[in-house]
Amino acid sequence: RGSTRLSIRPLVGSTMVVSAPPCSAQAGPAKEAGNKAFAAQRYDEAFEHFSEAIRADPGSALLRSNRAGALSSLGRHPEALEDAGMCISIQPDWWKGYTRRGHAQFQLGRFADSEISYLEAQKLNPDEKAVALGLEQTRQRMREMGIPLCQDNASVALRSAAGGAAPAAAPVPVPRATGE
């Protein structure tokens, strides 16, 4: 099983950004093979390698995140959403899981849910450009569809409690996130 130690790096001010702990040594080779396949845009192969790595280290948030990225790249967004949810369950203080979830939700037309996920990621890592881009793309789509935006933390909490109810729409292509 993977390490449960957290890696924390300071940002300017009082914000601390938590990084995913490394996966186990047993999962490492499959993870690296998955990263290489992902970088070469061989997403089916990346998915298989990340799945192998998860079998060796099922408690790794990093591996769930990487496989979610491969699944999204394959257009398998419901499965990507499931892996992103597992990533968040394993390590709820890591921003990357929320970004993966936000991307999958966006692709599934769940824009209000996507906004909440990106806002959670932004709270955890306010300087990450990919988070800001995902949030802006989501909000642009919400404005186009007339879906109210969350204005503050209170509205995020209320919408989260209500299940993020929002109209669904057809998936829309957005830039792919990379593996780690």
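Report follows, based on the coordinates. Going along each chain's sequence as written, the residues are numbered from 1 onward. In keeping with the predicted nature of the model, local features appear solely for residues at pLDDT of at least 70, side-chain atom pairs appear and are counted solely at 80 or more, and the whole-chain, interface and lining totals rest on all residues. Side-chain metrics in this entry use all non-hydrogen atoms of the structure; hydrogen atoms and water are not considered.

**A few points about the overall build of the protein chain**
Strands are runs of DSSP state E lasting at least two residues, helices are runs of H or I lasting at least four, and both sets are numbered from the N terminus onward. Scanning the protein chain from terminus to terminus reveals 8 helices and 2 strands. Listing every helix and strand of the protein chain by position from the N terminus yields β-β-α-α-α-α-α-α-α-α. The rule is simple: take the accessible area with a 1.4 Å probe, protein chains only, and divide by the maximum for that residue type; under 20% is buried, over 50% is exposed, in between is partly exposed. Relative to its 180 residues, the protein chain shows a buried fraction of 48%. What makes two residues a contact is simply this: any of their non-hydrogen atoms within 4.5 Å. Nonlocal contacts in the protein chain, meaning residues at least 24 apart in sequence, comprise 59% of its contacts between residues at least 6 apart. The method behind every accessible area is Shrake-Rupley, applied with a 1.4 Å probe, and residues are considered shielded solely by the protein chains displayed. For the protein chain, the computed accessible surface area is about 8,800 Å², with 55% contributed by carbon and sulfur atoms.

**A look at the nonpolar core**
By size, the foremost hydrophobic cluster in this structure holds 12 residues: Ala37, Phe38, Tyr43, Ala46, Phe47, Phe50, Ala68, Ala70, Leu71, Ala80, Leu81 and Ala104. Mapped onto this core, the elements with two or more residues apiece are helix H1 (28-39), helix H2 (43-56), helix H3 (61-73) and helix H4 (77-90). Take this core: its biggest share by element is 4 residues, from H2. When sequence neighbours within four positions are dropped, the list of residues in contact with Ala70 reads Phe38, Tyr43, Ala46, Phe47 and Phe50. To form a nonpolar core, buried Ala, Val, Leu, Ile, Met, Phe, Trp, Tyr and Cys residues must be joined to one another through side-chain atoms within 4.5 Å. Ranked by size, the runner-up nonpolar core spans 11 residues in total, among them Val17, Ala20, Cys87 and Trp94.

**Details of the side chain of Arg64**
Within the secondary structure, Arg64 sits in helix H3. Each residue touching Arg64, except ones within four places of it in the same chain, is listed here: Ile54, Pro58, Asp83, Met86, Cys87 and Ile90.

**Brief notes about the packing of H3 against H4**
Look at H3 against H4: their axes get within 8 Å of each other, and the N-to-C directions meet at 165°. By the criterion of interaxial angle, the relationship of H3 to H4 is roughly antiparallel. Classified by chirality, the crossing of H4 by H3 is left-handed. The segment H3 lies against H4, with Ala61, Arg64, Ser65, Arg67, Ala68, Leu71 and Ser72 engaging His77, Glu79, Ala80, Asp83, Ala84, Met86, Cys87 and Ile90. Of the residues assigned to the contact of H3 with H4, the class counts are 8 nonpolar, 3 polar and 4 charged. In this analysis, axes come from line fits to C-alpha atoms, helices being fitted only over the stretch in contact, and the angle between any two N-to-C directions falls in the range 0 to 180 degrees. For this classification, under 35 degrees means roughly parallel, over 145 means roughly antiparallel, 65 to 115 means roughly perpendicular, and everything else is oblique. Crossings are assigned a handedness: left-handed for a near helix turned anticlockwise from the far helix by less than a right angle, right-handed for a clockwise turn. Under this grouping Gly is polar, as are all residues other than the nonpolar Ala, Val, Leu, Ile, Met, Phe, Trp, Tyr, Cys and Pro and the charged Asp, Glu, Lys and Arg.

**What to know about the environment of Val18**
As for its placement among the helices and strands, Val18 is situated in strand E2 (residues 16-19). Accessibility expressed as a relative area gives 9% for Val18, which makes it buried.

**Focus: the pattern of salt bridges**
Opposite charge on two side chains allows them to pair when their charged atoms are near. Every case where a carboxyl oxygen of Asp or Glu lies within 4 Å of a side-chain nitrogen of Lys or Arg is listed as a salt bridge. Counted according to the given criterion, the structure contains 10 salt bridges. Here Arg110 makes a salt bridge to Asp113, at a shortest N to O gap of 2.9 Å. With a relative accessible area of 33%, Arg110 lands in the partly exposed category. A cluster of three or more residues bridged by salt bridges with shared partners is formed by Arg64, Arg67 and Asp83.

**Re unusual backbone geometry**
Positive phi, close to 65°, is recorded for Gln41, a residue that is not glycine. Mapping Gln41 onto the fold places it in the loop between H1 and H2. For Gln41, a relative accessible area of 56% gives the class exposed.

**Details of the packing of aromatic side chains**
The criterion for an aromatic pair is that two Phe, Tyr or Trp rings (for Trp, the six-membered ring) have centres within 6.5 Å, with stacked assigned to planes under 30 degrees apart, edge-to-face to planes over 60 apart and tilted to the rest. Going through the model one piece at a time under the given rule, you end up with 2 aromatic pairs. Centroid distance Phe106 to Phe111: 5.1 Å. Interplanar angle 70°. Geometry classified as edge-to-face. Should the NZ of a Lys or the CZ of an Arg lie within 6 Å of a ring centre and within 35 degrees of the ring normal, that charge is described as sitting over the ring. Sitting over the ring of Phe47, Arg76 keeps its end group 4.5 Å from the ring centre.

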